[in-house]
Amino acid sequence: MTLTDSISVQKTNQSRISETDFNNLEFGKYISDHMLLSDWSEGKWSEPVIVPFGELKMTPAILALHYGQAIFEGMKAFKMSDGSINIFRPHKHHDRMVKSLDRMCMPTISFDMFIQSLHTLIEVDKNWVPTSEGSSLYIRPLVFASESRLGVKVADQYKFVVLTSPVGPYYNKPFRLKVEDHYTRTAEGGTGFAKCAGNYGGAFYPTQVARKEGFDQVLWTDHKEHKYIDEVGMMNVMFVLHGKLITPKLSTAILDGITRDSILTLAREAGMAVEERRISIDELEDGYKNKTLTEAFGAGTAAVVAPIAVINIHGTDYQLPKVESNSIQQKMKNKLLDVRTGQEPDTHGWNYIVKI
Ligand SMILES: *Cc1c(COP(=O)(O)O)cnc(C)c1O
C-alpha cells in the first residue's frame, strides 16, 4: 500500500493558487486548495478524505463551541535544496498532539494516520509549498468536538481537520514586552502544556491591556508569585545570560515547544552552555544591570526566533542590546533553517521527506 492509496482525494477544479501573492505571504492569510477531514464516531476514526478547502456543515450546538474541547498543532514543511519537501519533526508534533488530546479527554490519533494525512495532503497541494528562502508551508492539524448537544459532557463525536497555508519569512521588529504580574495564562496542573483553544482565548485580554500600555506582548510569570518566567505571548522564551543559553524548565504550565527543543539541541551540539531551570524576574533585572543579560528572544514555529527589544519590569523599561548578525539567536535560527532545508546534515532524524 502506498500512502496515497488509502486516502481518497477529491480535487478542486477551481484552484486559488494563481490569486495567491507568494511574494507577500502574510502569516495565515492564504489557505491552500485542499483540506483533510476525518470523523470520530462510535469509537473510531473514519478513513480520512481530502476535499477542496471550504465550509463545513454543522449546528451551533457542537460541544467544542460551548465547552472548549478543541486542540491544534502548528508545524511547517520546507522545500529542500534537492526539490523534495520536508515535514519538520512530525514525531514530536504528534507526541504533543496526543498529550493535548489526552488532557482534553479527546480520542487519540495514531502516528500512522497522522503522517499519512499530512503526507498525502502535502502531495496534493505540493505547489503551495513556497520556495523562497525562509518561507514554508504552515500545517495546522486541528481536532474538535463535533457532537451536537447542549448538556455538559465529554463529546462522543469529533472532527480531525488538516489545513495548510503558505507563509513567508516572519519578520517582526524586536518587540516590547511587559512582565505580567497580575494575570495568568495558566497554572501548574492546568492546561498550559496542551495546545488547546481555551489557552489562547484566555490570553487575549491581558495581552490587549499590555497593548494599550504600548507593549507588543506579555512575558508570562508563574501564577503563585508572579516571580518566575514561563513563556512569552505564544512562544517559549530564551535568554543569553553570562554567555549561557537559558530557558525556563518545562512544567504543566509551559508548552513544550519543538522550536525550543530544536534550538537547545543545536546549541548544546555547538558546545554552548545550556540551562533549563527556573528564571526569576530579579535575576533578569540583575543581569540587565550588570550587563550580563545580552539577548532575549521568543522561540516558536511561526517566527522561529523573535527578538525582544524591551522588557518592562514593574513599570521600568529595560532596553536590550541591538541584535547583531553574529548573535546567538541569529546563529541558531540560521542553523535550524539549514537543517530543515537540507543545507546541513539532519543528524537527529528530524526531517520527514515527502518525495515528489
Ligand atoms: C505553539 C506554542 C509554542 C511554540 O511551540 P513550537 O512547537 O515551537 O511551535 C510556545 N508556547 C505556546 C503557548 C504555544 O502555543
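Residues numbered from 1 in each chain as written. Predicted model: local features only at pLDDT ≥ 70, side-chain atom pairs only at ≥ 80, totals over all residues. Heavy atoms only, no water.

Focus: the overall build of the protein
From N to C terminus, the protein includes seven helices and 19 strands. Taken over C-alpha atoms, the radius of gyration comes to 21 Å for the protein, in line with the 21 Å a tight globule of 356 residues would show. Overall, the C-alpha framework of the protein stretches about 60 × 55 × 35 Å when taken along its three principal axes. Considering the protein as a whole, with its 356 residues, one finds that 51% of them fall into the buried category. At a minimum sequence separation of 6, the contacts of the protein that also span at least 24 residues come to 70%. Summing over all exposed atoms, the protein offers an accessible surface of approximately 16,500 Å²; the carbon and sulfur share of this is 51%. Between the mean site of the 40 positive side-chain charges and the mean site of the 43 negative ones, the protein shows a separation of 2 Å. (Helix = DSSP H or I, 4+ residues; strand = E, 2+ residues; numbered from the N terminus. Rg over C-alpha atoms; globule rule 2.2 N^0.38 Å. Buried < 20%, exposed > 50% of the residue type's maximum accessible area, 1.4 Å probe, protein only. Contact = heavy atoms within 4.5 Å. Areas by Shrake-Rupley, 256 points an atom, 1.4 Å probe, with all protein chains shown as cover. Lys, Arg positive; Asp, Glu negative; His and termini not counted. Charge placed at Lys NZ, Arg CZ, Asp CG, Glu CD.)

Some details on the packing of aromatic side chains
Overall, the coordinates contain ten aromatic pairs when judged by the stated rule. Between the aromatic rings of Phe27 and Tyr138, the centroid separation amounts to 5.0 Å while the plane-to-plane angle is 65 degrees, which identifies the pairing as edge-to-face. Of this pair, Phe27 sits in the loop between β1 (8-9) and β2 (34-41) while Tyr138 sits in strand β8 (residues 136-145), and the two are 111 residues apart along the sequence. Residue Phe27 is classed as partly exposed on the basis of its relative accessible area of 35%. Over the ring of Phe88 we find Arg340, and its NZ or CZ is 4.4 Å from the ring centre. (Phe/Tyr/Trp six-rings, centres within 6.5 Å; stacked < 30°, edge-to-face > 60°. Lys NZ or Arg CZ within 6 Å of the ring centre and 35° of its normal.)

Considerations on the site of the ligand
The full set close to the ligand counts 14 residues, and Lys195, Tyr200, Glu231, Thr259 and Thr301 are the nearest of them. Between the ligand and the protein, one listed contact pairs an oxygen atom with a side-chain N or O atom of Tyr200 at 2.4 Å. Taking Thr301, its side chain carries an N or O atom lying 2.6 Å from an oxygen atom of the ligand. Considering the ligand on its own, with 380 Å² of exposed area, one finds that the protein chains cover 96% of that surface. A per-class count over the shell around the ligand returns five nonpolar, five polar and four charged. (Near = heavy atom within 4 Å. Polar contact = N/O pair within 3.5 Å; in protein donor to acceptor, adjacent residues only side chain to side chain. Nonpolar A, V, L, I, M, F, W, Y, C, P; charged D, E, K, R; others polar.)

Brief notes about the domain arrangement of the protein
For the protein, the domain assignment lists domain 1 (4-169) and domain 2 (175-323). Of note, the centres of domain 1 and domain 2, computed from C-alpha atoms alone, are 28 Å apart. Between domain 1 and domain 2, the residue contacts involve 18 residues of the former and 18 residues of the latter. Approximately 1,500 Å² of surface area, both sides summed, lies buried where domain 1 meets domain 2, with 62% of it carried by carbon and sulfur atoms. (Domains from an automatic or database assignment. Buried area = accessible area lost by both parts, 1.4 Å probe.)

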